[in-house]
Amino acid sequence: MEQVQYHIKCKKGEVNKAVLLPGDIERADYIGTKFFRDSKNIVENREFHIYNGSYEDKPVAVCSTGIGCMSAAVAIEELTNIGCKYFIRVGTCGSLSSEINPGDIIIATGAVRGDGASKEYIPIEYPAVADYRVVTALRNRTKKKNTDYGLGIIRTHDAFYMESPFAFGDYKKRVAIWAKAGTLAIENESSILFIIGSLRKIQVGTILVAAGNLITGKKNTKDELQKSVDEAITIAAGALVDLQEEEEEKI
Amino acid sequence: MKKMHHLQIEAGQIGKFVIMPGDPGRCHLIAEHFENPRLIAQSREYITYTGKYKGLMVSVTSTGMGCPSAAIALEELIMAGAKCLVRLGTTGALQKNINLGDIIIPTSAVRLEGTSVEYIPIEFPAVADIDVVAALIRATQEKNMKSHIGIIMSHDAFYKGSIFADPDFLKREQVWIDSNVLSVENESSALFTIGYLRKVKVGTILTAVANHLTQKVINDEEKINPIFHQMTDLCLEAFKNMKEE
């Protein structure tokens, strides 16, 4: 694995092993420049922007995944190839629960595999489950801030224009089965990240901010949303610190 | 008060915290850990005892083998007031590093059974409640015991996926061995799925009584029973910890 990875253009040792995974390229730039100390831009190739830096004096990194499981799988596979071990997706989602309002934080324990990529990896019966250590680290950091959060199963899928407020036709009807099952929210990357996490024995979790509620139609203003996203970023970066400290204690 | 159709229990006769072994023959062994255990009902493969543990009202109900009967037990226990339920049972290990007698705490399960698919499409993950998983891990750590934590597989056909199955069973299981599935059993995926849908807390604790790779097996009840006593202690401590939080 000394070779430069095909898409992320890095090789072993070049990216810190605890990585935040936003979908949006601009959010990777934002995290890298505004939240990390001693930040260094490593790569800008396709939808992958990578920064190294430190957070609470621990080495961390951020890499955007682009939208969807296809490019997210490429990112996490290649980052794992070069030695990365802890991953937290931080992003936005659409709430499916009347109890989760725009701006609320959600920590995923598992994901409905409505995507195509994960089916190429392992039969559909296999669960897309977040690593319990990452879930615990995220919960602990969230509790410290006295922030309310939703905890549970989310839905990952591929076709934004089938299941979103911008969708064609009756999207509420399409998502009703998942809302009724207690699925908290809809997004586009977590199921494949969780699956690859279990298959490659790396630690993967997800923290999301509800940008809107698909059932009630409520939406957030851009400023309100940014405040919640900032909070999710600090929780996720803090969790990456705790996960690395936990490993050091074991050694 | 109306008796539940299969379990023959009534609301109020069971605790919020319930241990669920597969084998009805193990209920009395688990009930030995309760203060003043009382036999509540006995019907088909379902035996229920209720008692106290450190002041907490607890019950044990057997599920029988397989997801069809386990789903019935879970549904009726929930209707009778159960809020936190732990399956306690045996399993066949799929990884070389799991020894006979080792404890396994699943985070989730492969849904290779028919029951849960009647509830919700197959892409929905069968995930154990994270608070139950954390409480079970904490209980094992407090007793300085090791456990294996990860994904297990639940399936329906024992004679297609066990060391007693026809000889090419390992070929069928290779996909799960390669995907780091810890072990095979028959109930957890439906219990996790239904637990999530009904908004109750469900987890599982298992002990490996066989290893499919080494083909070793424990048949002797005298060797298995002490492990069941140990797992019962872990379960009850986990309940107590959860109650306090």
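Details of the structure are given in the entry above.
So, a few notes on the structure that sits alongside this text. Worth saying up front: this structure is predicted, and the values here are computed from it rather than measured.

With that settled, consider the pattern of salt bridges. Under the definition given, this model contains 26 salt bridges over all chains. In this structure, the salt-bridge partner of R138 of chain B is E142 of chain B, at a minimum N-O distance of 3.1 Å. Within this pair, R138 of chain B and its partner E142 of chain B are both found in helix 4 (residues 130–142), separated by 4 residues, close to a single helical turn. Given a relative accessible area of 33%, R138 of chain B falls into the partly exposed group. The network of salt bridges with shared partners includes R139 of chain A together with D129, D131 and K201 of chain B.

Turning to the interface of chain A and chain B, a few remarks are in order. At the junction of the two partners, chain A supplies 30 residues and chain B supplies 27 residues. Between chain A and chain B, roughly 2,300 Å² of surface is buried when both sides are summed, and carbon and sulfur atoms account for 73% of that area. Looking at the side of chain A facing chain B, the largest losses of area belong to E125, Y132 and I153 of chain A, adding up to 26% of the total buried there. Across the pair R139 of chain A and D131 of chain B runs a salt bridge, and its minimum N-O distance is 2.8 Å. Taken together, the links from chain A to chain B amount to 8 residue pairs in polar contact (both at pLDDT 80 or more). Secondary structure elements with two or more residues in the side of chain A that touches chain B: strand 6 (105–114), strand 7 (128–129), helix 4 (132–144), strand 8 (149–157), helix 5 (171–180) and helix 6 (190–200) of chain A. A per-element tally of the side of chain A that touches chain B places strand 6 of chain A first, with 6 residues. Residues that form the side of chain A that touches chain B fall into these classes: 18 nonpolar, 7 polar and 5 charged.

Now for a nonpolar patch on the surface. Residues F160, Y161, F166 and F168 of chain A make up a contiguous nonpolar surface patch of roughly 470 Å² in combined accessible area. Checked against the element boundaries, F166 of chain A lands in the loop between strand 8 and helix 5.

It is worth spelling out the pairing of strand 2 (residues 37–45) of chain A at this point. All names here are of chain A. In terms of strand pairing, strand 2 meets strand 3 (residues 48–55) through 6 bridges, oriented antiparallel. By the bridge assignment for strand 3, K40 is matched with N52. Linking strand 2 back to strand 3 in an antiparallel pair, the connection comprises 2 residues, with R46 at a positive phi of about 45°.

Turning to the packing of aromatic side chains, a few remarks are in order. What the rule picks out here adds up to 10 aromatic pairs over all chains. Between F158 of chain B and Y159 of chain B, the ring centres sit 5.0 Å apart and the planes meet at 80°, which makes this aromatic pair edge-to-face. Three or more aromatic residues link up through ring pairs in this structure, and these residues are F160, Y161, F166 and F168 of chain A. Positioned above the aromatic ring of Y6 of chain A, the side-chain terminus of K9 of chain A is 5.8 Å from the ring centre. Positioned above the aromatic ring of F228 of chain B is the side chain of R26 of chain B, whose terminal nitrogen or guanidinium carbon lies 4.1 Å from the ring centre.

Even without being glycine, E56 of chain A reaches a positive phi, approximately 45°. As for its placement among the helices and strands, E56 of chain A is situated in the loop between strand 3 and strand 4 (58–63). One non-glycine residue, N144 of chain B, lies in positive phi territory at about 55°. On the secondary structure map, N144 of chain B appears in the loop between helix 4 and strand 8 (147–155). Residue N144 of chain B is classed as exposed on the basis of its relative accessible area of 74%.

Scoring rules and cut-offs
Residues numbered from 1 in each chain as written. Chains lettered and ligands numbered in written order. Predicted model: local features only at pLDDT ≥ 70, side-chain atom pairs only at ≥ 80, totals over all residues. Heavy atoms only, no water. Salt bridge = Lys/Arg side-chain N within 4 Å of Asp/Glu carboxyl O. Helix = DSSP H or I, 4+ residues; strand = E, 2+ residues; numbered from the N terminus. Buried < 20%, exposed > 50% of the residue type's maximum accessible area, 1.4 Å probe, protein only. Contact = heavy atoms within 4.5 Å. Buried area = accessible area lost by both parts, 1.4 Å probe. Polar contact = N/O pair within 3.5 Å; in protein donor to acceptor, adjacent residues only side chain to side chain. Nonpolar A, V, L, I, M, F, W, Y, C, P; charged D, E, K, R; others polar. Patch = residues over 30% accessible without salt bridge, like charges linked within 9 Å, V, L, I, M, F, W, Y side chains within 5 Å. Areas by Shrake-Rupley, 256 points an atom, 1.4 Å probe, with all protein chains shown as cover. Pairing = 2+ DSSP bridges. Phe/Tyr/Trp six-rings, centres within 6.5 Å; stacked < 30°, edge-to-face > 60°. Lys NZ or Arg CZ within 6 Å of the ring centre and 35° of its normal.

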